[in-house]
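The primary structure of each chain is shown beneath.
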Amino acid sequence: MSFHVVTGAGPTGTATALRLAGEGERVRLVTRRGTGPEHPGVERVAADATDAGALTALVEGAHALINCAAPPYHRWPGEFPPLAAALLTAAERTGAGYVMLGNVYGYGPVDGPLTEDLPAAPTSRKGTLRAALWADALAAHRAGRARVTEVRASDFLGRAATSLFAFTVAPAVVAGEPVGYPADLAAPHSWSYVGDVADTLVAAARNEASWGRAWHVPSTSEASARELAGRLARAAGAPEPALTAVPVAELAGSGDEMLAEVEEMAYLYDRPLLLDSALTREVLGVAATPLETVVEEVVRALRV
């Protein structure tokens, strides 16, 4: 039995902690309020993960530190850098492998499939930030100060998933209500199931081949937003979705602080976005969960 530290008890952090604990591993789950799932293998600890000293003490002796924590979307510029710095410091001081949960923002707009070897070319503030956090961690790895890797996901699907589609479209479709979405509704799009994200994080933490590079989560589907909405409606026994494309500025002007942040990321939704995950499947042995299973989970969760 090995020991892992997971930071963040959102959907992905919870799924990761439960994956490890369900396989007999000892897990310490660190959040500001000590929240998280109840499981005999999960020790929930209340701590400030931006406190490098406190975090180092909690990570001491761990095989890996897996970060699934992130500040609120609209507070990334001020709050993400100190969190990332503390996490990297804890990994350097303890020797624990550091597994970062990342996304595709750092690539910037790309025509064609996204592969892990693409250079960073961000065109947004959040993309620039994400690219910088990975560059700092990779520099520490190359200098021999830490072992680091990053697992990159696309838009999340699953129970309580945090993505624009999950927030806005899924609940409306299951309820049979009309909804607008700022996207090319016919463009193929990679969707990352929360459980597959957790599986990839765990596999990266365990595989010595993972260090010093990034990995893509295998996508549960590359369905367009319109097709995915239709799948949800049929699974829920709801009417055919009344889904329309809306200007992203409509969300930006809604008064919601987090939705306002979506405007600079509009390029992710106005064209095909496809994640190549061949290396993850081949080297880490992670396969995507079938979309049918994911859709059924989403519908069940929204009906509770």
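The following paragraphs examine the structure supplied in this document. (Residues numbered from 1 in each chain as written. Predicted model: local features only at pLDDT ≥ 70, side-chain atom pairs only at ≥ 80, totals over all residues. Heavy atoms only, no water.)

A short note on the environment of alanine 52
As for its placement among the helices and strands, alanine 52 is situated in helix H2 (residues 52-59). On the accessibility criterion, alanine 52 (19% relative accessible area) is buried. Once the C-alpha coordinates of alanine 52 and alanine 91 are considered, the two residues, 39 residues apart in sequence, prove to be 9.8 Å apart. Residues contacting alanine 52, with those up to four places away along its chain left out, are Ala86, Thr89 and Arg93. (Helix = DSSP H or I, 4+ residues; strand = E, 2+ residues; numbered from the N terminus. Buried < 20%, exposed > 50% of the residue type's maximum accessible area, 1.4 Å probe, protein only. Contact = heavy atoms within 4.5 Å.)

Topic: the sheet that holds strand E6 (residues 148-153)
Across the sheet, which stays open at both edges, the seven strands sit in the order E3-E2-E1-E4-E5-E6-E10 with parallel pairing between neighbours. Two strands bound the open sheet, and with one partner strand each, they are strand E3 (42-46) and strand E10 (214-216). Sheet twist, expressed as the average angle between the axes of neighbouring strands with direction ignored, equals 20°. With five bridges joining them, strand E2 (residues 26-31) and E3 adopt parallel strand pairing. Paired with valine 27 across the two strands is valine 42, which belongs to E3. Sheet contacts for helix H3 (residues 76-94): strand E1 (3-7), strand E4 (64-67), strand E5 (97-103) and E6; angle to E5, the most-contacted strand, approximately 155°. Packed on one face of the sheet, helix H4 (residues 125-142) meets E5, E6 and E10 and runs near 155° to E6. (Pairing = 2+ DSSP bridges. Axes fitted to C-alpha atoms, helices over the stretch in contact; angles between N-to-C directions.)

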